[in-house]
Amino acid sequence: MNFITIKNCKIGTGMPKICLPIVGKTTEEICQQARSFSDYPCDLAEWRVDWFADVMDFAQVEKTAQALRAVLPDTPILMTFRTKEEGGERSISSADYIRLNCFAARSGLVDALDVELFRGDAVVREIISCAHEQGIAVVVSNHNFTETPAQADIVSRLQKAQALGGDILKIAVMPQTAQDVLTLLAATEEAHRLCSQPLITMSMGPLGAVSRISGEVFGSAVTFGAAGKASAPGQLSADSLHQILSTLHIESENR
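Along the protein, the regular secondary structure elements total eight helices and eleven strands. For 255 residues, the compact-globule estimate of 2.2 N^0.38 gives 18 Å, and the protein sits close to it at 17 Å. Considered along the principal axes of its C-alpha atoms, the protein spans approximately 50 × 40 × 30 Å. Of the contacts made within the protein by residues no fewer than 6 positions apart, 73% connect residues no fewer than 24 positions apart.

Summarising burial for strand β3 (residues 17–22): six of the six residues are buried, a large majority. Taken together, the three bridges between β3 and strand β10 (residues 222–226) define a ladder with parallel strand orientation. The residue bridging C19 from the neighbouring strand is F224, located in β10.

On to helix α4 (residues 121–133). Taking 1.5 Å per residue as the helical rise, α4 with its 13 residues ought to reach 18 Å, and the 18 Å between its terminal C-alpha atoms agrees with that figure. For α4, the complete set of buried residues consists of V123, V124, I127, I128, C130 and A131. Seen along its axis, α4 keeps its buried residues to an arc of 165 degrees; they face one direction. Among the exposed residues of α4, those pointing more than 90 degrees away from its buried face are A122 and E133. For α4, the elements touching its buried residues are α3 (94–107), β6 (112–116) and β7 (137–144). Immediately beyond the C-terminal end of α4, within one or two residues, lies G135, with a positive phi of roughly 75 degrees.

This part takes up the pattern of salt bridges. Taken as a whole, this structure holds eight salt bridges when the rule is applied. Among the salt bridges present, the one from R82 reaches E116, with a minimum N-O distance of 3.1 Å. With R82 in the loop between β5 (77–80) and α3 and E116 in strand β6, this pair connects stretches of sequence that are 34 residues apart. With respect to burial, R82 and E116 carry one shared label: buried. A cluster of three or more residues bridged by salt bridges with shared partners is formed by R82, D114 and E116.

What follows concerns the sheet that holds β7. Read across the open sheet, the nine strands follow the order β9-β8-β7-β6-β5-β4-β3-β10-β11; overall the sheet is parallel. A strand with exactly one partner marks an edge of an open sheet, and here the two such strands are β9 (199–203) and β11 (236–237). Bridge count for β6 against β7 is five bridges, and the pairing is parallel. Within the sheet, the bridge partner assigned to E116 lies in β7 and is S141. Sheet contacts for α3: β5 and β6; angle to β6, the most-contacted strand, approximately 165 degrees.

With that out of the way, let us pick up the side chain of R82. Of the residues examined, R82 reaches a relative accessible area of 4% and is grouped as buried. There is a polar contact of 3.0 Å between the side chain of R82 and the side chain of D114. The contacts of R82, once residues within four sequence positions are left out, are E46, R48, D50, G87, G88, E89, R90, D114, E116, S141, H143 and K170.

This brings us to the pairing of β6. In terms of burial, β6 is largely enclosed, as five of its five residues are buried. Residues A112, D114 and E116 of β6 are buried on one face, and the alternating residues L113 and V115, pointing to the opposite face, are buried as well. For β5 and β6, the ladder comprises three bridges, and the chain directions are parallel. Bridging across to β6, L78 finds its partner in A112. Between the parallel pair β5 and β6, the chain is carried across by α3, and the sense of this crossover is right-handed. Each parallel crossover has a hand, and for β6 linked through α4 to β7 it is right-handed.

Procedures and definitions
Residues numbered from 1 in each chain as written. Predicted model: local features only at pLDDT ≥ 70, side-chain atom pairs only at ≥ 80, totals over all residues. Heavy atoms only, no water. Helix = DSSP H or I, 4+ residues; strand = E, 2+ residues; numbered from the N terminus. Rg over C-alpha atoms; globule rule 2.2 N^0.38 Å. Contact = heavy atoms within 4.5 Å. Buried < 20%, exposed > 50% of the residue type's maximum accessible area, 1.4 Å probe, protein only. Pairing = 2+ DSSP bridges. Expected span 1.5 Å × (residues − 1). Arc of directions from axis to C-beta. Salt bridge = Lys/Arg side-chain N within 4 Å of Asp/Glu carboxyl O. Axes fitted to C-alpha atoms, helices over the stretch in contact; angles between N-to-C directions. Polar contact = N/O pair within 3.5 Å; in protein donor to acceptor, adjacent residues only side chain to side chain. Right-handed = clockwise from strand over helix to strand, strands pointing away.

Note that every value here comes from positions in space, so none of it alone points to a role or purpose.
Below, the structure is given as structure tokens:
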């Protein structure tokens, strides 16, 4: 499997990297949350701009991105507009989705973008093309807050994300049973063998918590933790994540 380096963070090798979400509604809240990251293990930050009240005012987006970069000068920043359809805070037209992501890529103030797999192939390709022109990495993602698709379907979605040009391939699903968690883990292991790009996979909620700590075994390169307010169900605290990941990493090296 290939790894990818975003700023100073090498994703796809070693321990899974810890990503902390920023879900503030105002510039002040966003910067306050980011400042708190100095108290937690944090390899990269995800700015969830769907929470930002002025997200469609690009001057305010740029101003806030500058302020966020000042707080986190060395931390890779992943900008994500999670749509209502995939568990986010609001809906957005495809045209505005493209405009927002391409504006962010050209600003030079973020290091990676999250683009949803099912926004449509043309939309995904256009944003990826724009991002790659600026040297910006793209996470192509899919989120299902209702169920866990079949293993073959999960693998197929990750393969499609790669075929569209994704640098990192992400899927998050909701388990109803313990078997669903095993399905996600088995799909992760299979996709890890079949895909050449790093993966981010998770089974959400308390039932799926084991998937957030076992990435090094099955092939998921990033896990999302909480430094205060969580952005998805089942997120563990960053401190707990780091302790568990470190223990599993040491044990695997000593086998």
